[in-house]
Amino acid sequence: MHDSGKPSPTTATNTTSPTIPPKQQAATPQSPAAAAAVSGLDPADDEDETDVIGDLMGHYGKWQLLMTVLLSLFQVPNTFHISSSIYQAANKDFWCQRPAQLQHIPVAIWRNISGSVDNCQRYGGIDWSQVGNDTTLPSEWKIPLEADRKMVACEKWEYETNDNVGNTWTSQWDLVCEKEHLKNVAEMFFLLGVATGGIISGYLSDKFGRKTMLFISAVLQTIFGLWLYICNSFELYLTLRALLGLVSVSVTYSGLILAIEYVDGKWRTIAGMYNLFPLPISYMIISGLAYLTQDYQRLQLCIGIPGIFLCFLWFVVPESPRWLLVKGRIDEVRRIIEAAAKFNGRQLPADYQLTPPTQESSSQDVTYLFRSSYLRRISICFFCIWFTMNLVYYGIILNMSSFGGNVYLNSALAGLVEIPAIAVAMYIITKVGKKWLFCATLICAGVACCCAAITEGHADLLWLKITFLMMGKFTISAGNTIMPVYTAELYPTPIRNVGVGACNVAAGLALILTPYLSLLNKIEGHLLMTLLTAWSIFGGFVVLFLPETAVRAKAANQGGNNANANASAAKQV
């Protein structure tokens, strides 16, 4: 393989037989969605990459619009589940439990007389019964002398009830003091499931079919989501969270691959990317649900129920006709084409033929990502960029409760600013090159996070801090829309699946670390935003080492015969 490492985009393009996008491993609820949306696409040449199925039923029409919109609805419960921890794991004010006869004593006085400064320990060996039911402490009662004080760990706690947070994981399982880290473990288990599912979902979707895996995963997602509502064991709760993350990413992957295989040509990128719009809308909806319920169990019920209705789409949504054709199931393909063509108002020729394409296997593995200077450069760059993007994007989303202000309003605003961010990014990338725009989104996100860090600790500037956070969320969301498209363009078709799958591993590592970012604020108030600033600027700097897509096409055309031969062998039709 030559240093260019790129096949010619025109090599192995087949315009007469169905083009099936190569399988790809997806990453995470928004990043997984974006990654799957461009699975197997080569935007540099997808306008020319049409097939007989698209020619027969239409490259994009009313039928495709209806199906892709219905499939985008599956992103709603996915977004609910990944962002639910913002409210379910919210911190609450707590203190050591007061004796029954001291329930009337103000919390501040109780903390003082019990020596419970950290709310984790109190004085031991004290007979609290000598304190009566009066509204004040008896004058003869004395705080033990320092020499007589013996601190013991609190066994039970009480929690603030008028905090607009309600019952959370913290109050349900006493996740405070030495058990406080278990809140992060619970979220990490979910994201670990997402990372694991991203690795295996591509294989399962290709083997068993997009529709089959979509609805199996959707049913399991609904079952696990509703099971969490009635679960009282924290250990079982952790297991269910991990399983929920695993099937959620499979829903994302299978649904979006199915959506882009319904359309053809240039519409693949567009159909995949407008599936991202339910994500910010879902962020706003769940913030409203959390405010109204203010109980982690009731919220879990609310976000679990929508999956029941989505499962009934089994009777509406067909299997991918392109996947069926590859498997040789011609009769099923004909039925789908005829139904779609009728809905689109197209007349089918009486003698059209459908022939299953011959697929040649490709032996490319992860080592091919490092076999030329070009591939080594873009692979290392994309590993860093995918890690950075997921760390910053989810670092902002999942830590909304630690930024100050009203968590419900902040989360709703974060979803609101993402809608124009996705729209602007989708429009611009069709007009200009992606390199400098992508770089600008990361740098601007870093600047916004830096400004937010500067305002940290100034209560009178909280509004300014939130403003900078929303600016950072806007720019990083735009970058998150561009990233998977840019990645798909720069990797050659034969190893695109391997390349994006490797990038998803880096993204998965970032997801696993994200729940622990909130601990940085306990070390130093400016540390979290400073870290997000540094990573954003680092990611923008790394983008500078990537080629522009036009340069990629030029390099591809200059590739040697070996590169072209590999492309011909690995191109899936």
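Cut-off values and rules
- Residues numbered from 1 in each chain as written.
- Predicted model: local features only at pLDDT ≥ 70, side-chain atom pairs only at ≥ 80, totals over all residues.
- Heavy atoms only, no water.
- UniProt positions renumbered as here; feature names shortened; annotations may be inferred.
- pLDDT = per-residue confidence, 0-100.
- Contact = heavy atoms within 4.5 Å.
- Helix = DSSP H or I, 4+ residues; strand = E, 2+ residues; numbered from the N terminus.
- Buried < 20%, exposed > 50% of the residue type's maximum accessible area, 1.4 Å probe, protein only.
- Disulfide = S-S within 2.5 Å.

The name given to the protein chain in an unreviewed UniProt entry is Organic cation transporter protein isoform X2, with the source organism recorded as Drosophila rhopaloa. What the UniProt record of the protein chain gives under Subcellular location (unreviewed entry) is the line "Membrane".

Asks: Explain the confidence of the model for the protein chain to me, please; I cannot follow it from the model alone.
Replies: Low pLDDT means the predicted coordinates in that region are not meant to be read closely. Across the protein chain, the average pLDDT comes to 77, with 80% of residues at 70 or higher. Note on residues 1-49: pLDDT under 50 across the span, and 200 contacts to partners over four residues away in sequence or across chains. Counting contacts from residues 551-573, a segment whose pLDDT is below 50, to residues more than four positions away or on other chains yields 54 contacts.

Asks: Mind showing me how you'd approach the environment of serine 477 here?
Replies: Within the secondary structure, serine 477 is located in helix H20 (residues 462-490). Looking at serine 477, the relative accessible area reads 0%, which means it is buried. In this structure the C-alpha to C-alpha distance between serine 477 and alanine 414, which are 63 residues apart in sequence, comes to 9.7 Å. The contact partners of serine 477, leaving out residues within four places of it in the chain, are Tyr393, Glu418 and Ala421.

Asks: Sorry if this is basic, but what is going on with the state of the cysteines here?
Replies: Put plainly, two cysteines are in a disulfide when a covalent bond ties their sulfur atoms together. In the structure shown here, the tally under the stated rule is two disulfides. Paired through a disulfide, cysteine 96 and cysteine 154 show a sulfur-sulfur distance of 1.6 Å. Linking cysteine 96 and cysteine 154, the disulfide has an S-S dihedral of approximately 65 degrees and is accordingly described as right-handed. With cysteine 96 in strand E1 (residues 94-96) and cysteine 154 in the loop between strand E3 (151-153) and strand E4 (157-159), the pair connects residues that are 58 residues apart, well separated along the chain. For cysteine 154, a relative accessible area of 8% puts it in the buried group. The disulfide partner of cysteine 120 is cysteine 177, and the S-S distance across this bridge is 1.9 Å.

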